[in-house]
Structure formats: structure tokens, C-alpha cells
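# Per-entry structural report
Spelled out, the chains give:
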Amino acid sequence: MDIKKLINAAKEASARSYSPYSKYKVGAALLTKDGNIYTGTNIENASFPAGMCAERVALFEAIKNGDDQFEALAIYAEGDNFPFPCGICRQVISEFTRDLNIIIARSENDYVIKNISELLPDTFEFSI
Ligand SMILES: [Zn+2]
């Protein structure tokens, strides 16, 4: 896997962020085992809960395409802090995999890698 390429794809997606309220531009790039890359960006709304995180935009696009075997996810946002995924995104990622390396980047050369099992060790599961 080319980490820099995935971070760059997330960075490019962040440029299309719709974030007039927070001004916090986030991009995500999800690499699947088939070698496809799905990108997403955060899309805000005047009704704040109606907005959507970059990670979920990318993940839902992959699922929509029937591409649900994931290799890695890069999240990119410039700033002082690493753009860790929010709790909702951690739960959504955990719905599809308990073993995904997430590259959390605040620049192309400054990143940390965490597995979803570290970020959300005890996921909520619904059994019927
Ligand atoms: Zn989120």
C-alpha cells in the first residue's frame, strides 16, 4: 500500500469540503482490497446534525458500489491536531470491519496509524 498516495487522495478530497461554518476541511480516502479508492469530504449544513463526515461519505460510496472489503483509510485535515475520526464514524467503520488501519494525517508527512480495534475496542453490535 502506498501511504503517501492515499494521504494525497484524502488531501485532494479535502479541497472540495463544504465547511462554511467550521472552516475545518476534512478529506478521506478509502482503499479497498480490490485496489479502488473512494474519497469523501465533510459536508456541513446550517442544521448542524444534517452534515456528514468525510469518512462516512467515502465509506458509503464504497458500500454503494458493492466494494466492502477494505485495506486502509486515510483521513486528512490541516491543523494543530490529528483528525481522529469521531465516535459515530468509528461505529460505522466497525459495522464493516474490526481490522482496518486508519492513517490520520495533518500533513502529507505527519501522520499516525491506528487500527479501528484500538480506536473503538468494544463496539456496539445488534443481534437478532
Ligand atoms: Zn465522523
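Residues numbered from 1 in each chain as written. Predicted model: local features only at pLDDT ≥ 70, side-chain atom pairs only at ≥ 80, totals over all residues. Heavy atoms only, no water.

## Brief notes about the coordination of the zinc ion
Around the zinc ion, the donor atoms from the protein are C53 (SG), C86 (SG) and C89 (SG), and they sit 2.2 to 2.4 Å away. One chain supplies every donor to the zinc ion, and in sequence these donors are spaced C-x32-C-x2-C. Here the residue C53 occupies a position in the loop between β2 (37–41) and α2 (54–64), and C86 occupies one in the loop between β3 (70–76) and α3 (87–96), the gap between them amounting to 33 residues. Residue C53 is classed as partly exposed on the basis of its relative accessible area, which comes to 22%. (Donors = N, O, S within 2.8 Å, 3.2 Å for Na, K, Ca; no water. Helix = DSSP H or I, 4+ residues; strand = E, 2+ residues; numbered from the N terminus. Buried < 20%, exposed > 50% of the residue type's maximum accessible area, 1.4 Å probe, protein only.)

## So, the layout of surface pockets
A water-sized probe rolled over the atoms picks out the places where empty space is left. Space inside the largest pocket adds up to approximately 380 Å³. Surrounding the largest pocket, 21 residues form its lining, V26, N42, E44, M52 and C53 being those nearest its centre. Considered class by class, the residues forming the lining of the largest pocket number 14 nonpolar, four polar and three charged. (1 Å grid on protein atoms, 1.4 Å probe; cavity = no way out; pocket = protein on both sides within 12 Å on 5 of 7 lines; lining within 4 Å. Points joined across faces, edges and corners; volume = space filled by probe spheres on them. Nonpolar A, V, L, I, M, F, W, Y, C, P; charged D, E, K, R; others polar.)

## What about the nonpolar core?
Ranked by internal contacts, the top residues of the largest apolar core, which has 19 residues, are L30, L73, I93, L100 and I102. For this core, the elements supplying multiple residues, two or more each, are β1 (27–32), α2, β3, α3, β4 (101–107) and α4 (116–119). No other element matches the four residues that α2 contributes to this core. Not counting chain neighbours up to four residues away, the residues in contact with L30 comprise N36, I37, Y38, A58, L59, A62, F70, A72 and L73. Among the nonpolar cores identified, the runner-up in size contains 11 residues, and A9, A29, A74 and A105 belong to it. (Core = buried A, V, L, I, M, F, W, Y, C linked by side-chain atoms within 4.5 Å. Contact = heavy atoms within 4.5 Å.)

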